[in-house]
Amino acid sequence: VARSCCVVLGSEGRGEQIVKTDQDNALILADDLALPEAELAAVAQRVSEALAQLGWPPCPGGEMVTNPRWRQPLAGWLRTLQGWVRGAAGAAGPMHLAMYADAAAAAGDAAPQQAARAPRGPLVQGHDTWLARFAAAADQFQEPGNWFTRLTTRRDEQPLDLKTLGTFPIVHGARALALQHGVRALGTAARLQRLVALGHVDAALAKDLLDALHFLMGLRLSHQLRPRAGGARPGNEVRPSALGALAREPLRDSLAIVRRFRGFLRQHFHLDAL
């Protein structure tokens, strides 16, 4: 424990996870900590099993300490982070880095985690194409063509995914801008506030984005708690017909704000040129 740091990734690292999901964590070891790989693997397995008993199931994609990629000495992490920026991991690199960019120390010595912060500033400068591809994930999901009409009338049609269409573009867009401009804050609100202070995001847009994010998170939570209460697995989709007028109108406005932010990201990162 004294020679390593366990970090949590993604929404847990940002402090934005409300309902427990799966395990997303990593281990940063001091370079002079000599542990046989078999012993380290056994420790990681015990940690994962203990977390599962506490209600955090293993990550289906393997982004956790039982995966050797997510437990490395400090020097190995620094090489890995540089490789993700330089394309060594192919298409998976940007999404690996997206998770790691939100890493927060959870146990052990925080010094290795501070030394292995996600690459910013000089490391990503000059990699405009890579940054654009990283940011493009925020614009990969499009609303159905009739989404505005469906939210102004109570029609039971195709459900809307509150994560892919709502919260994810805000979170990832703020993360991409933070990475570009060297912002060290982890939470989406703190990132946007810092980006406003630095003059990279308009204050009115940032306020609208935070209002939309908080509304979407609250709506998503309320629709996740109902199936959980009945023993079912919660999801991110909501049907317009299940919403009253007081929920449909702010949802429509929130998705319009997200759409405006995606337009800003397309222009800022020149996504149309990819």
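Structure first, text after, so check above.
Since we're looking at a predicted model, the values are computed, not measured.

Peer 1: Kindly report on helix 3 (residues 74–86), identifying the contributing residues and their values.
Peer 2: With 13 residues, helix 3 should cover 18 Å at 1.5 Å per step; its first-to-last C-alpha distance of 19 Å lies within 8% of that length. Every buried residue belonging to helix 3 is among Leu74, Gly76, Trp77, Thr80, Leu81, Gly83, Trp84 and Val85, and all of these are buried. On its buried face, helix 3 sits against strand 2 (25–29), strand 3 (71–73), helix 4 (92–100), helix 5 (111–115) and helix 6 (128–136). Looking one or two places after helix 3, you find Gly87, whose phi comes out positive at around 90 degrees.

Peer 1: Which residues make up the sheet that holds strand 3, and what are the values?
Peer 2: Pairing within the open sheet is mixed, and its four strands lie in the order 3-2-1-4. In the strand order of this sheet, the two ends are held by strand 3 and strand 4 (104–108), each with one partner. Shown here is a sheet whose adjacent strand axes are inclined to one another by a mean of 30 degrees, direction ignored. Summarising the sheet, strand 2 and strand 3 pair through three bridges and their orientation is parallel. Within the sheet, the bridge partner assigned to Ile28 lies in strand 3 and is Gln72. Along the sheet, helix 2 (residues 37–53) makes contact with strand 2 and strand 3, crossing strand 3 at roughly 140 degrees.

Peer 1: Kindly report on the nonpolar core, identifying the contributing residues and their values.
Peer 2: A general feature of soluble globular proteins is that nonpolar side chains tend to end up buried together. Leu9, Trp77, Leu97, Tyr100, Leu251 and Phe269 are the most contacted members of the largest nonpolar core, which totals 57 residues. The element best represented in this core is helix 10 (residues 203–229), accounting for nine residues.

Peer 1: Explain the pattern of salt bridges residue by residue, including any values.
Peer 2: Enumeration over the complete set of coordinates arrives at 11 salt bridges. A salt bridge links Asp139 to Arg262, with the shortest nitrogen-to-oxygen separation between them at 2.6 Å. Placement of the pair is Asp139 in the loop between helix 6 and helix 7 (147–152) and Arg262 in helix 11 (residues 245–268), with a sequence separation of 123 residues. Pair check on accessibility: Asp139 and Arg262 agree, each one buried. Within this structure, Arg14, Glu16, Asp102, Arg175 and Arg191 form a network of salt bridges that share partners.

About the cut-offs
Residues numbered from 1 in each chain as written. Predicted model: local features only at pLDDT ≥ 70, side-chain atom pairs only at ≥ 80, totals over all residues. Heavy atoms only, no water. Helix = DSSP H or I, 4+ residues; strand = E, 2+ residues; numbered from the N terminus. Expected span 1.5 Å × (residues − 1). Buried < 20%, exposed > 50% of the residue type's maximum accessible area, 1.4 Å probe, protein only. Contact = heavy atoms within 4.5 Å. Pairing = 2+ DSSP bridges. Axes fitted to C-alpha atoms, helices over the stretch in contact; angles between N-to-C directions. Core = buried A, V, L, I, M, F, W, Y, C linked by side-chain atoms within 4.5 Å. Salt bridge = Lys/Arg side-chain N within 4 Å of Asp/Glu carboxyl O.

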